[in-house]
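# Structural overview
This is what each chain is made of:
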Amino acid sequence: DTIKTSTTMPPPLSSTSLSPRPAPPNEQLSSRTLHPIYQAIDTHNYTKALKLTLPSSSSSSTAEWDIVRALRVHALEQSGKKREALVLLWEILVSNVVVLGTSFAVDDEKKQPLAARDVWSELYQRIENLSDAVDIVNESSSNNNNGLDIQLMDAVQRLDVRAYAPIALPKGSSGASLDNNNTSKDKAALSSSGKHAKNSKGSSKSKKSKPSSSQPPPSISYYPPVTDETVLQTLMVTLRIEGLYDTMSEMYFQAMETLSSNKKSSYDYQSSENYKSVLEEGVCVHFKAVCDCSSVGLSKKGEDDDAEEEDGVVLGGKGTKSDGSTAGNARHIVQAQLPKLETLLNLTKYYERMQTSSLQLFKLSAQPLHSQWTAIASLWYKEGLQELVSTLEKIQSLLLLNNDDECGASAVVSKENEQDDTMMHLQNSLLQMMGLSNTTSDITTHCQKLKQKMALLPRLAETLSSRMVLQPSGKGKEEQQQQQHAVSENDWDVYLETLLVQGKKAEALDVLKRIQGTPMMSGVASGSSSGDGENTDKNSTLPQIDDEHTIENHVGSILPYTQRKKLERMAQLSQELGMYDQAEGYYRELLGVFPDQWTYWLGLVDSCVRMESSLSSSSTSPSSSSSGDDSSKEHHASMNDEGWKRCQSFAEQVISTVESSQKYALRGPYLILLELASVKVRQASPDGKEGLVTSLRNEICRYGNKFGPLASCCFADVRSYLRVLVEEGSSSSGPSDIPKDVLHVLQWAKELWTSSYQSNGAADGGGPSEGGDIISPDEVRERRKKIRTFIFAVQVVYGIAAVELDNNSTCLQLLQTYAPSISEMVTEWRTSLSFLPGVAPNDGGQKEVLPGDEIILLTSQYLQFQAKTTTTVQQSSNNNSATSPFLLQAVSLLEEAIDQSPYNPHLKIAAIGIYSQLHAAHRALTIYQDLGVKQIQLDSCSYLILPTLIQGGLYTSAIKLSSSILRLHGETSKQVKDYATKSLRNGLLFKAKEMATFQREKMRPSLQLLHSKGLVMDAAALMIPSDLGSDIIVSSGVMKQKGKSLPPVVRLGAEKGFCGSDEDLARAEQIAIDAERHFNAPAIIHAAAQSSAISVDDFVSSDNRDMTVNYFEILHHNSHYLTQKEMVTESLRRGHMHGLLTRAVMATGAANAPKKGKIPKPTEETTYRCQSLRRSLSRANEFGQEIDHMDDVDRALWEACCQLCEAIIIVIHGGGGDGKKSPNNDTLAEREKAAVSIVDSTMQLVQSARKAFTSYCCSTTVINQGSDCSSSIAGGARVCQLLPDRVVPFYALLETTARLFSLFGWGKRKRSTKAASGALANLALSFRDLLSDMLQAMSEFRSFGSGGDNTGDNMTSLESLVESAVSLDVVGADAIQRVIREVVSSRDMTKDRVDPFLMQMKESLESFDEQ
């Protein structure tokens, strides 16, 4: 906080030179004044509260009290007057406030501490975002000396600051309007000379401020920071609502510093309690600020890579230039690392404050909880410092790499080279962010200091935590026992963590052995003894809880260490230390009490069998432990055969013990035998595998016979082992032969489902009689066992066939030979409806699923596989899709099953997938809404429908769903902070860290959040306001709302988004402001800019999608779900596109018209905006070259958008290559000539896009999103995708270019006289032709037949389709017709929501054809 200036600073102010904070003089006056205000706020009468807190010259000084002003801040915020509330809050916290012990310097004109805006940057920036020109004028006229001095920042610079774009202002400019950002982020914005003015931290003017050489003027009163806990808590309410957690942290930090310095002078009991409250709340506030930090930049893979090699490194992976140069790559990586560095600086700042506050609190209270706070905060602080040092060292190596070898670390970078100039700006930003001088050698010194601190922090933590858990030798036995009871589980965990951080694993293991834990299970023996021969349960202690007051009055956690957790940690540490015999003993003891715990079995296998090659001990499911990849074979090469036999013997022993003492068998011991057989198969040599594969086969059959009739998850357990059986068995036989062990399993499965087939019994009269005979419970149980066995056997056949999916003929042959036919499965399902009494949902039954639902899921899989196989073998010769009959059958069965079992989510998910293939988006959306997805499921399950909504043209529904995801993340961010601090207060320190980690590493970088931001930005212009109200239904193909026919009112850019109109400029400026908030959709622009030079593969994101809901996909996997790479690519592409659009619109809005045929004189505003647009264009071009899955239409329109941006730059600023200055021959004619050349090139790209689109639509059959469909359907779906992604952005840029050309005298009506007007008109008409082709594709998209509607001859085609689907004897004609109506009505809705936008743009482009 010390202010660095070029002159000598005056000494720090003493407490006697500061005025006391305004506060009530006595309790009576305080109660009389505050009671009415509190009463008004409690009744939500904020108008009255504002009147009671209004400052008045005639009243007393009560309105100046801190508590009254704090209450006024809350009333203003709740009244919607956010800016007034934050300005008043600034006056309370910052205006005329001086922190004792810091150097004091003021601006002679503003009479305000210079560092205020740097320290309170978050609050200052929020006030700046809420300010407009009227606010600035009013504050200037009011003569208010609150130190704000807001000057509106240029909207484009607002975007560049977050991306750390190294763009300097042109020489000779004052920089008053653009270089006015005073936050740590804004230090990247440079002055006109390319460097920061040395003393311009607190002033936005170009002249240097002079620090006063004496004490502050006597006419102004200066106050210490707010220290009253009541005032701080009141202010914190508003700060929490606004999400200003950095401001909250700074507020409590200054209060702590002030109270700490005043502690020695005047200190009474009341002050002591206030100090404790401030410190305790401060620890929680700093921890909340930690939760608000998120890591951005390179992934861990990129961080671990060395930034430098001996003979000149090649950095950046795909970002490496073809010429082998590394300077450009280093520049890009440094720019991408700066946001991450800023986050780490904030993170370590909060941890340091947290540690300091907790340490002061412990000294004051001597509470064990506060000691543990200090210890754990020290460990977290060390963890943050470690990541900070790693990032700094990487950046330093990149800076040194960029400099010449001879110049060293302190080299002066040449300003003649553009790349060197850019690196100089980035280096200056880095050093000023760190508060260092202008040499990179200071980074080395700083890192050394941080490393020294990192070495001390764990020792401090160990010293503090050991006092809580270790017994002094001088105490008596009884006293030691009493203290031992007070030690909680978290106390031990903190101490163990301090040892593990320092690498003291052996010492940690010794400590664990001395812990007395609670019994693992009440009344159950612990099993075999632990590895050290000690039965630890004999010394177990139970929690000493007398009643609820014991818990309420206890400070911190009261939960003792459990014996189970103790043994778990001892086993893990023993493995890490190579003490496998002891680890085996611990796991045996655990399994003696918990024989069905899969993780314990895997730990036992790792200890006994894998020994030094611990591979899958971290697996939590059998599927992850049996992948069968090459790495597994390598790790299992040193398997211990004796340990393998011991494991097998122990598992058999447990099976025998359990089955003799329990009614039901446990899956864990049987499953570990499968795992052991699989491990042995994978590590064996090819010559000796045959017998081992047979053993694996026998274990699979044994497990299936045992649990197939009992557990519905039986196939999930053996699925991975079936793959091992097929793959390893194939390696020992011929490549084209099916191994005999696999054939044995197939035959076994066939016998299982044949013997469990119950439809024959129903046909023979074995079902329930019409007289309503009651089925006995034993009979019901037997029937359930049979249907489970039937389902399991079919799943086994499908699972083996799925391994052969690459060979469709072999797969189909296996299904036809060993699996039941589709008609047999449907018959079995319908029989189960009568054989097995289910719960009637309409009668108020529980939300259960029916036992036969899995049969329908398997049937739909078979039908989808047949659809794919039929299309592959026999291509359709007309526009009817060859897959339609099979898909219609599958979805008809699913619809019927949903009617019978409406609470089965997997039936609905399967139906959504098939409706997506049929391009019936609205029906898919309706089913998705019936799922009732809410809360965190929005982040994990919305991927099921979002791509379908875009392909179906339901853009408003996509916006609604994406907006709900954004709201979820915003609300979760606040809730996690609250619950994490509650855990911290209760002593559950590791739960608190777990929640903070969840928020920082899972929620903030959520992949679905990123994707939703881009989707909202893309679809904003296509939003239909009438669809945002109540849900729209489709009945018989007619859209209705509230029982009335409702044709949608469609207009491009009706409320949001860029649409090529005059509204775009205001929207662009608002986007620049909204992008500051992490959970706002425009923040995608910053995400793209900050990662512009990084490979998509290296982008850090957390894929929180729950793919396990698709467990039923065996034969056919729905590929309309996007992969993680595709989602990241789409999101960043949208961010780049909207960054271009925003800058292009604002550059055009700042352009000036030429006068008397001469080019307009460049202004600071137009120069900066063109530079920013050029840099954004360069980043977008780099990103476009990196995308490798663009088709010809995509790439042509992407490049066309980029070229229009280039044309805008040329027209506004001329053809300067660097965007900083125009060439000497820059004239209006030259600009027009250059613009014509670019526009002509753009027209060729549009024509190429049209040709590619026509070719796409004219192909006989198109593979679209993984499902084969006719070209008419695929063409329409492609239009729905291109409309928000490419068409609307290009149209907006085209209209923006037209407005710019008109400003320069090249309007639409001058196409025959002005070359630029003619070229732009030709481009617009070419684009109009592309839109016409898209409208034609949409007309064919609406039907199943070859025509554009579903009438006349097309009805004959539909009837033929129904007959084809019914001929398979699976479903009736009514069911097929029902599905067809749903598909037709959904496609009609797509028509009503896509066509009007295309027609509007087409009609608007007709104006270019007018003479």
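Just so it is clear, the structure is predicted and the values come from calculations on it, not from any experiment. (Residues numbered from 1 in each chain as written. Predicted model: local features only at pLDDT ≥ 70, side-chain atom pairs only at ≥ 80, totals over all residues. Heavy atoms only, no water.)

When two helices pack together, their arrangement is given by the angle between the helix axes and the distance between those axes. Relative orientation of the contacting elements helix H46 (residues 1164-1186) and helix H47 (residues 1192-1213) amounts to 160°, with a least axis distance of 10 Å. Here H46 lies roughly antiparallel to H47, going by the angle between them. Here H46 and H47 pass one another in a crossing that is left-handed. Residues Thr1166, Thr1167, Cys1170, Leu1173, Arg1174, Leu1177, Ala1180, Asn1181, Phe1183 and Gly1184 of H46 form the contact with H47, whose participating residues are Arg1195, Trp1198, Cys1202, Cys1205, Glu1206, Ile1208, Ile1209, Ile1212 and His1213. Among the residues making up the contact of H46 with H47, the classes are represented as 11 nonpolar, five polar and three charged. (Axes fitted to C-alpha atoms, helices over the stretch in contact; angles between N-to-C directions. Helix = DSSP H or I, 4+ residues; strand = E, 2+ residues; numbered from the N terminus. Parallel < 35°, antiparallel > 145°, perpendicular 65-115°, else oblique. Left-handed = near helix turned anticlockwise from the far one by under 90°. Contact = heavy atoms within 4.5 Å. Nonpolar A, V, L, I, M, F, W, Y, C, P; charged D, E, K, R; others polar.)

Moving on to the packing of helix H27 (residues 689-707) against helix H29 (residues 740-755). At a minimum axis distance of 9 Å, the contact between H27 and H29 shows a crossing angle of 15°. When the axes of H27 and H29 are compared, the pair comes out roughly parallel. When the axes of H27 and H29 are compared, the crossing they make is right-handed. The segment H27 lies against H29, with Glu690, Val693, Thr694, Arg697, Ile700, Cys701, Gly704 and Asn705 engaging Lys740, Asp741, His744, Val745, Trp748 and Leu752.

Tracing the backbone shows aspartate 135 in helix H7 (residues 133-142). For aspartate 135, a relative accessible area of 19% puts it in the buried group. Beyond its immediate chain neighbours, meaning those up to four positions away, aspartate 135 contacts Arg83 and Leu130. (Buried < 20%, exposed > 50% of the residue type's maximum accessible area, 1.4 Å probe, protein only.)

Taken as a whole and judged by the stated rule, the model has 16 aromatic pairs. With a centroid separation of 6.2 Å and 45° between ring planes, the pair formed by tyrosine 351 and tryptophan 380 is classed as tilted. Placement of tyrosine 351 in helix H13 (residues 327-365) and of tryptophan 380 in helix H14 (residues 368-402) is noted, with a sequence separation of 29 residues between them. Plain terms: the ring middles of tyrosine 670 and phenylalanine 707 are 5.3 Å apart, the flat faces sit at 80° to each other, and that makes the pair edge-to-face. Highlighted residues: tyrosine 670 in helix H26 (residues 667-683) and phenylalanine 707 in helix H27, separated in sequence by 37 residues. By relative accessible area, tyrosine 670 is classed as buried at 8%. An aromatic cluster of three or more residues is present, and its members are Phe287, Tyr351 and Trp380. In this arrangement the basic side chain of arginine 353 is found over the ring face of phenylalanine 253, its NZ or CZ atom lying 4.4 Å from the centre. The ring of tyrosine 245 is capped by lysine 977, whose NZ or CZ atom sits 4.6 Å from the centre of that ring. (Phe/Tyr/Trp six-rings, centres within 6.5 Å; stacked < 30°, edge-to-face > 60°. Lys NZ or Arg CZ within 6 Å of the ring centre and 35° of its normal.)

Let us look at the nonpolar core. Counting 272 residues, the largest nonpolar core has Tyr798, Leu815, Leu1283, Phe1327 and Leu1398 as its most contacted members. Those residues in contact with leucine 815 that lie beyond four places of it in its chain are Val797, Tyr798, Ala801, Tyr862, Phe865 and Leu1115. In this structure, Trp120, Val231, Val290 and Leu989 belong to the second largest nonpolar core, which totals 105 residues. (Core = buried A, V, L, I, M, F, W, Y, C linked by side-chain atoms within 4.5 Å.)

Okay, the confidence of the model for the protein next. Of the residues in the protein, 75% have a pLDDT of 70 or more, and the chain-wide mean is 80. When the criterion is pLDDT under 50, residues 1-11 qualifies, and its contacts beyond four places in sequence or with other chains add up to 21 contacts. In this model residues 872-882 is a low-confidence stretch, pLDDT under 50, and it forms 19 contacts with partners more than four residues away in sequence or in other chains. (pLDDT = per-residue confidence, 0-100.)

Looking now at H47. Over its 22 residues, H47 runs 31 Å from end to end, which matches the ideal 32 Å to within 8%, given 1.5 Å per residue. Among the 22 residues of H47, 17 are classified as buried, and the element is accordingly described as predominantly covered. For H47, the side-chain oxygen to backbone nitrogen distance between the N-cap and valine 1193 is 3.3 Å, and the N-cap itself is aspartate 1191. (Expected span 1.5 Å × (residues − 1). Polar contact = N/O pair within 3.5 Å; in protein donor to acceptor, adjacent residues only side chain to side chain.)

This part takes up helix H21 (residues 563-576). The first and last C-alpha atoms of H21 sit 20 Å apart over 14 residues, in line with the 20 Å expected at 1.5 Å per residue. All of the buried residues in H21 are Gln563, Lys566, Leu567, Arg569, Met570, Ala571, Leu573, Ser574 and Gln575. Glycine 578, located one to two residues past H21, shows a positive phi value of around 80°.

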